Amino acid sequence: MNKKRIKKALVSVYHKDKLDIIIQKLHAEGVEFISTGGTQTFIESLNIPCRAVEDLTGYPSILGGRVKTLHPKVFGGILTRRALDADQQQIEAYDIPEIDLVIVDLYPFEATVAAGADEADIIEKIDIGGISLIRAAAKNFSDVVIVASQNQYEPLLNILDESGAETTLEERRWFAREAFAVSSAYDSAIFNYFDQEDESHFRCSENDSKVLRYGENPHQKGVFFGKFEAMFEQLQGKEISYNNLLDIDAAVNLINDFEDITFAILKHNNACGIASRPSLLEAWKDALAGDPVSAFGGVLITNAVVDKATAAEIHKLFFEVIIAPDYDFEALEILSQKQNRIILILKENKLRTRQFRSLLNGVLMQDKDTGVETENDLKVVTAKTPSQQEIDDLLFANKIVKHTKSNAIVLAKNKQMCSSGVGQTSRVDALKQAIAKAADFGFDLNGAVMASDAFFPFPDCVEIAAKAGVSAVIQPGGSIKDQDSVHSCDTNGLSMVTTGIRHFKH
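So, here's what we can say about the structure.

Cut-offs and rules
Residues numbered from 1 in each chain as written. Predicted model: local features only at pLDDT ≥ 70, side-chain atom pairs only at ≥ 80, totals over all residues. Heavy atoms only, no water. Helix = DSSP H or I, 4+ residues; strand = E, 2+ residues; numbered from the N terminus. Rg over C-alpha atoms; globule rule 2.2 N^0.38 Å. Contact = heavy atoms within 4.5 Å. Pairing = 2+ DSSP bridges. Axes fitted to C-alpha atoms, helices over the stretch in contact; angles between N-to-C directions. Parallel < 35°, antiparallel > 145°, perpendicular 65-115°, else oblique. Left-handed = near helix turned anticlockwise from the far one by under 90°. Nonpolar A, V, L, I, M, F, W, Y, C, P; charged D, E, K, R; others polar. Salt bridge = Lys/Arg side-chain N within 4 Å of Asp/Glu carboxyl O. Buried < 20%, exposed > 50% of the residue type's maximum accessible area, 1.4 Å probe, protein only.

## Description of the overall build of the protein chain
Okay, so step 1: Counting secondary structure elements, the protein chain contains 19 helices and 23 strands.
Okay, so step 2: For 506 residues, the compact-globule estimate of 2.2 N^0.38 gives 23 Å, and the C-alpha radius of gyration of the protein chain, at 31 Å, exceeds that figure by more than 25%.
Okay, so step 3: Each principal axis of the C-alpha distribution contributes one length, and for the protein chain these read about 95 × 50 × 40 Å.
Okay, so step 4: In the protein chain, 57% of the contacts between residues at least 6 apart in sequence involve partners at least 24 apart.

Structure follows, in C-alpha cells:
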C-alpha cells in the first residue's frame with residue numbers, strides 16, 4: 001500500500017469555503033502549515049500556527065503578487081524523492097523542508113472571461129504559481145498528496161476521517177490524476193481565449209463525467225462528459241442512456257426554432273410528429289397524429305408548461321422521456337405514475353455554437369446550423385406566389401427539415417407535419433416515403449407544402465409532389481437545373497420559394 005504520513009502542508013487557495021474543516025483535522029493530526037497572504041491569515045484566524053512562505057524562502061511576495069511560491073525551497077520540498085539519497089542530501093544541504101501535502105486552487109480565469117472583464121483583468125487571472133504547484137505535486141505523487149480544487153476536499157476529508165494523516169499510493173495517484181485534469185482544463189481555457197476563432201488547434205475540456213449503462217449498443221462503453229444537471233432537472237425516471245441523450249439533444253435543438261406553442265415527438269433523433277397550435281392540448285394531439293406508431297417509446301418535448309388536460313392525454317402513450325419548461329402540479333401527479341418515465345425540466349438552454357466529432361484519425365469541427373429562415377429570406381421563383389397560409393406552413397416545414405436526417409423531405413399543412421421522408425439515399429425515395437406515410441395515417445395532402453433540405457437536381461420531385469396535391473415548395477435552390485424545377489411548378493400550378501440556405505444533416 002506504500003502508506004505515507006502527511007507532516008507538512010502547503011496551503012494557498014483562492015476559495016476558502018470548507019477549508020477550515022480540513023485545516024482543523026490536519027492540525028489535530030500534528031500537521032504543520034506553510035501558506036501565503038490571505039490563506040495564512042485564514043489559518044491563523046482558526047488559532048492554528050502557520051509559517052509564511054516568505055519566511056521559508058527569504059523573499060517577499062513581489063510583482064504585485066505574481067511571484068510568491070516560485071522558489072527552490074518550495075518546489076524542492078515538493079519534488080524531492082524521499083527514497084533517493086541524492087535528493088535527500090541536497091535538501092538537507094540547502095535546508096529545504098519536505099512538503100507532503102499541497103492544497104491549492106487556481107485563479108478564476110474562465111469566470112473572469114465569462115463576466116466580460118477587460119483583457120488586462122483576464123490576463124491577471126492566468127495563474128502561474130498555482131498551476132506550477134499542482135504539476136510539481138502531482139508529478140511526485142509517490143510521496144506527495146495534491147488537492148487541486150474544492151472538488152477534492154470531500155475525498156481528502158474521507159481519508160482524514162478513516163486513516164488520519166496517512167495516504168496510500170493508490171490514493172495519491174488518484175489525486176494526481178484529478179490534479180492533471182484540473183491543470184489541463186485550465187490551460188485549454190486559456191488557449192481557447194487566445195485562439196478565439198482561429199481554430200489553430202483543437203482543445204476541448206469537460207471536467208464532469210458520467211458513466212452510462214452502455215453506449216449506442218450494449219456491447220459499447222458510453223460516457224457523457226458535461227454538466228447535464230446545469231441544463232435539466234430530472235424529476236423522476238430511470239438512468240438516462242446514451243441513446244436518450246442523443247434524442248434529448250435533437251429535441252432541444254428542434255424546439256429552439258419554434259416560438260408558437262409547439263409539441264414534438266422524436267424517434268432516433270428525427271421528428272415523427274410535430275405541431276404548433278393555440279393550445280398545448282391541440283399541439284399534442286396533432287403532433288401524435290403525425291405518426292402514432294413511431295411515437296411509441298419516443299422522446300417528447302414542448303416549449304410550454306404541461307397542464308393537467310395535456311398530461312392526461314400524454315399518459316396514454318408509452319414514452320421514454322418528456323421535456324418541458326415546467327409542469328402543473330396535477331400534470332406531474334399523472335405523468336409520474338409510471339416510475340421509469342424520465343421527466344425533465346429544461347432549466348437553461350445554453351447549447352454549444354460549434355459541433356465536433358471524432359473522425360478517422362482526427363476531429364471534425366463545424367459551426368452549428370443555427371440559422372432560422374424568416375419570410376424576408378424567401379425568394380419567390382415561380383409565376384404563382386404562395387398565400388400567407390402557405391408561407392407560414394413553408395417556414396414551419398423548413399424548420400423541421402433542417403433537423404431531419406438527409407436526404408429529407410417534410411410535408412406539412414396548417415402547421416402540422418403530415419409526414420417526412422428521412423435519411424434516404426435518393427430525394428425521390430424520401431418524397432415517396434413521406435407520401436406513403438401520409439396516406440397510411442389518413443392525411444389529405446391537397447394544399448400541403450413540401451420542404452427539402454437541399455436543392456432538386458431534377459424536376460421529378462416537383463412532379464410527384466404535384467400529383468399528391470402539394471401546392472407550395474420550399475428549397476435552398478442552387479442547382480444548375482433550378483429552372484427545370486421552376487418550370488415544373490409553373491406547369492403544375494405550384495408556387496416555389498428558395499432560401500439560399502442548405503440544411504444537410506448526417
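## Overview of unusual backbone geometry
Okay, so step 1: Residue asparagine 407 is bonded to the preceding serine 406 through a cis peptide linkage, with omega at -15 degrees.
Okay, so step 2: You can see asparagine 407 is positioned in the loop between α16 (388-402) and β19 (409-413).
Okay, so step 3: Not every positive phi belongs to a glycine, and aspartate 95 is a case in point at roughly 55 degrees.
Okay, so step 4: As for its placement among the helices and strands, aspartate 95 is situated in the loop between α5 (85-93) and β5 (101-104).
Okay, so step 5: At glutamate 199, a residue that is not glycine, the phi angle is positive and equals roughly 55 degrees.
Okay, so step 6: Here glutamate 199 lies in the loop between α10 (169-195) and β8 (209-211).

## Thoughts on the pairing of strand β17 (residues 362-367)
Okay, so step 1: Pairing geometry for strand β16 (residues 354-359) and β17, over 6 bridges, is antiparallel. Across the sheet, the residue bridging to glutamine 355 is glutamine 366, located in β17.
Okay, so step 2: Turn length for the β16-β17 hairpin, with the two strands adjacent in sequence and antiparallel, is 2 residues, and the turn residue leucine 360 shows positive phi of about 50 degrees.

## Notes on the packing of helix α18 (residues 460-468) against helix α19 (residues 482-492)
Okay, so step 1: Here α18 crosses α19 at 20 degrees, and the two axes come no closer than 8 Å. Judged by the inter-axis angle, α18 sits roughly parallel to α19. Judged by the twist between their axes, the crossing of α18 over α19 is right-handed. Contact residues: α18 offers Val462, Glu463 and Ala466, while α19 offers Ser485, Ser488, Cys489 and Asn492.
Okay, so step 2: Looking at the contact of α18 with α19 residue by residue, the class counts come to 3 nonpolar, 3 polar and 1 charged.

## Here's the deal with the sheet that holds strand β3 (residues 32-35)
Okay, so step 1: Within the open sheet, the 5 strands sit side by side as β4-β3-β2-β5-β6. Their pairing is parallel. Bordering the open sheet on either side are β4 (51-52) and β6 (145-147), each of which pairs with just one other strand.
Okay, so step 2: Pairing geometry for strand β2 (residues 8-12) and β3, over 4 bridges, is parallel. Residue pairing across strands places lysine 8 opposite glutamate 32, the latter belonging to β3.
Okay, so step 3: Along the sheet, helix α2 (residues 37-45) contacts β2, β3 and β4; its crossing angle with β3, the most-contacted strand, is approximately 145 degrees.

## Some words on the pattern of salt bridges
Should their charged atoms come close, side chains of opposite charge can pair.
Okay, so step 1: This structure, assessed with the given rule, holds 20 salt bridges.
Okay, so step 2: Here arginine 82 and aspartate 100 are joined by a salt bridge, their closest N and O atoms 2.9 Å apart. On the criterion of sequence distance, the pair formed by arginine 82 in the loop between α4 (72-79) and α5 and aspartate 100 in the loop between α5 and β5 is long-range, its members being 18 residues apart.
Okay, so step 3: When its relative accessible area of 17% is taken as the criterion, arginine 82 is described as buried.
Okay, so step 4: Relative accessible area serves as the criterion here: at 7%, aspartate 100 is assigned to the buried category.
Okay, so step 5: With a closest N to O distance of 2.6 Å, glutamate 178 and arginine 177 form a salt bridge.

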